[in-house]
Amino acid sequence: MKRVMTGTVAVVAVAVAAAWIARSQQAANGSTSALQANGALIARGYTEAPAGTVVVANDPLGGEVLKELRIKDGQAVKRGEIIAVMANYPTADVSVKIAENNLRKAERTRDTVLKGTRVVDIQLEEDALKSAIENERLATMLRDRSGKPPEEKELEVWLAEQSIKNQRASLELSKRRLAIELEQSAVNIVRLKAALDQAITFREDALVRSPIDGVVTQIISRQGELVSSLGIAKVVDMKQLRVFATVDELHLPRLTAGAPVEVTFRGSPTVYRGKIAIAPMMVKREKRSEADLGVANVRQIEVEIQAGDGVTFPEMLGREARVTFL
């Protein structure tokens, strides 16, 4: 009888020791995850969006001083929206206007003078040449009927031919000159367009635009300040919001991509459906247990949770969440 009681006491002692060890492990883990009696694993996490977070910086060619800041904390911005203007913008804007004016002047000269007045002048020269040819035909008929000496007739014919020849040469010269000037004008317009494009590029360098649709979560530089290497502002695409929960390494086998979870956020009873986005592949950090005086280590992994189909997490960074792995 004593042996049976001794064995029972030993079993109870082992059970108590096991429970104490389990409690110590949970305390060492800071209560980040716990396995419930129904088999559900519960862990604590926080909302983050690392894949959708960008730090917006200025282009050094646009200036280093922040002239104008057009955003504030919590403001929603669109892709391509101007969020800041740098110090070089006024000068660059004037350069663009000068380049636009030079281009308009060159195009106006080409269209008004070269393709307008000069073309009309050439047409008048052509009409004058045709008239001269017709007049010479009439003069030839009259000359044949006249009683002038042959020498005088030959001289008149020679003079008429030289006059028509000179008119033809003048017309061809005018056409060649117009063609050359049109070609030069085309080259000049191409050059002025390139200068305008370059001026627009310099002006664009002085404008800081948001690279994504998102929300301004942090303003790093203020108006009138010299922009540091940290950038101007941080913009987050809230559509890529995730919950990152910390779980003991011993639960790694059940954490597969696509596995369903339920998420609740601190201060709200609403339950959101979610799923494991990526199966964790390695231990994120190692924490030394205080319960056993630092003898053992608790290895933890970080699980990325995304919202289920048709579900949207509340758009708030750093919000504490409770994740139940089903």
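Being a predicted model, the structure only gives us computed values, none of them experimental.

## A short note on the packing of aromatic side chains
Inspection of the entire model under this criterion finds three aromatic pairs. Between phenylalanine 265 and tyrosine 272, the ring centres sit 5.5 Å apart and the planes meet at 70°, which makes this aromatic pair edge-to-face. On the basis of relative accessibility, which here comes to 4%, the residue phenylalanine 265 falls in the buried class. Between phenylalanine 265 and phenylalanine 313, the ring centres sit 5.7 Å apart and the planes meet at 75°, which makes this aromatic pair edge-to-face. Here phenylalanine 265 is found in strand β11 (residues 260-265), whereas its partner phenylalanine 313 is found in the loop between β14 (297-307) and β15 (320-325), with 48 residues between them in sequence. Under the relative-accessibility criterion, phenylalanine 313 is labelled buried at 5%. Here the aromatic cluster, defined as three or more aromatic residues joined through ring pairs, consists of Phe265, Tyr272 and Phe313.

## Concerning the sheet that holds strand β7 (residues 207-209)
The antiparallel open sheet is built from three strands, whose spatial order is β4-β6-β7. With one partner strand each, in any of the chains shown, β4 (66-69) and β7 form the two edges of the open sheet. Within this sheet the neighbouring strands show an average axis-to-axis angle of 25°, counted without direction. The pairing of strand β6 (residues 82-86) with β7 spans three bridges and is classified as antiparallel. Pairing of isoleucine 82 across the sheet is with arginine 209, part of β7.

## Focus on the sheet that holds strand β9 (residues 233-236)
Strand order in this open sheet of four strands is β3-β9-β8-β5, and the pairing throughout is antiparallel. Edge positions in the open sheet fall to β3 (53-56) and β5 (76-77), since each of these has one partner strand only. Where β5 lies against strand β8 (residues 214-219), two bridges are found, and the strand directions are antiparallel. Its bridge partner being in β8, alanine 76 is matched across the sheet by valine 215.

## Here's the deal with the nonpolar core
The biggest cluster of nonpolar side chains holds 26 residues, and the ones touching the most others in it are Val263, Ile305 and Phe325. Tallying contributions element by element places β14 first for this core, with four residues. The contact partners of isoleucine 305, leaving out residues within four places of it in the chain, are Arg242, Val243, Val261, Val263, Lys275, Ile276, Ala277, Phe313, Val323 and Phe325. Counting residues in hydrophobic clusters, the runner-up holds 17 residues, among them Val56, Val208, Ile232 and Val235.

## Some remarks on the side chain of serine 185
Mapped onto the elements of the fold, serine 185 is located in helix α3 (residues 150-205). In this structure, serine 185 is in contact with Ala106, Arg110 and Leu114, ignoring residues within four places of it in sequence.

## Digging into the environment of glutamate 100
Here glutamate 100 lies in helix α2 (residues 89-145). Put simply, glutamate 100 and lysine 193 are 93 residues apart on the chain and 8.3 Å apart in space, counted from C-alpha to C-alpha.

## Remarks on the pairing of β15
Across six bridges, strand β2 (residues 41-48) lies against β15 in antiparallel orientation. The residue bridging arginine 44 from the neighbouring strand is arginine 322, located in β15. Summarising the sheet, β11 and β15 pair through five bridges and their orientation is antiparallel. What sits directly across from valine 263, in β15, is valine 323.

## Some points on α3
Along its 56 residues, α3 runs 82 Å from first to last C-alpha, staying within 8% of the 82 Å computed at 1.5 Å per residue. Residues of α3 that are buried: Lys153, Ala160, Ile164, Leu171, Ser174, Leu178, Ser185, Ile189, Leu192, Leu196, Ala199 and Asp205. Residues of α3 that are buried in the fold lie against α2 and β7.

## Remarks on the confidence of the model for the protein
Mean pLDDT over the protein stands at 84; residues scoring 70 or higher make up 83%. Low pLDDT, under 50, characterises residues 1-31; the predicted model gives this stretch 14 contacts beyond four residues in sequence or across chains. When the criterion is pLDDT under 50, residues 288-296 qualifies, and its contacts beyond four places in sequence or with other chains add up to 10 contacts.

## Describing a nonpolar patch on the surface
A grouping of Leu138, Met141 and Leu142 is seen on the molecular surface, where their side chains present a nonpolar patch of about 300 Å² in accessible area. Within the fold, leucine 142 resides in helix α2.

About the thresholds
- Residues numbered from 1 in each chain as written.
- Predicted model: local features only at pLDDT ≥ 70, side-chain atom pairs only at ≥ 80, totals over all residues.
- Heavy atoms only, no water.
- Phe/Tyr/Trp six-rings, centres within 6.5 Å; stacked < 30°, edge-to-face > 60°.
- Buried < 20%, exposed > 50% of the residue type's maximum accessible area, 1.4 Å probe, protein only.
- Helix = DSSP H or I, 4+ residues; strand = E, 2+ residues; numbered from the N terminus.
- Pairing = 2+ DSSP bridges.
- Axes fitted to C-alpha atoms, helices over the stretch in contact; angles between N-to-C directions.
- Core = buried A, V, L, I, M, F, W, Y, C linked by side-chain atoms within 4.5 Å.
- Contact = heavy atoms within 4.5 Å.
- Expected span 1.5 Å × (residues − 1).
- pLDDT = per-residue confidence, 0-100.
- Patch = residues over 30% accessible without salt bridge, like charges linked within 9 Å, V, L, I, M, F, W, Y side chains within 5 Å.
- Areas by Shrake-Rupley, 256 points an atom, 1.4 Å probe, with all protein chains shown as cover.
- Salt bridge = Lys/Arg side-chain N within 4 Å of Asp/Glu carboxyl O.

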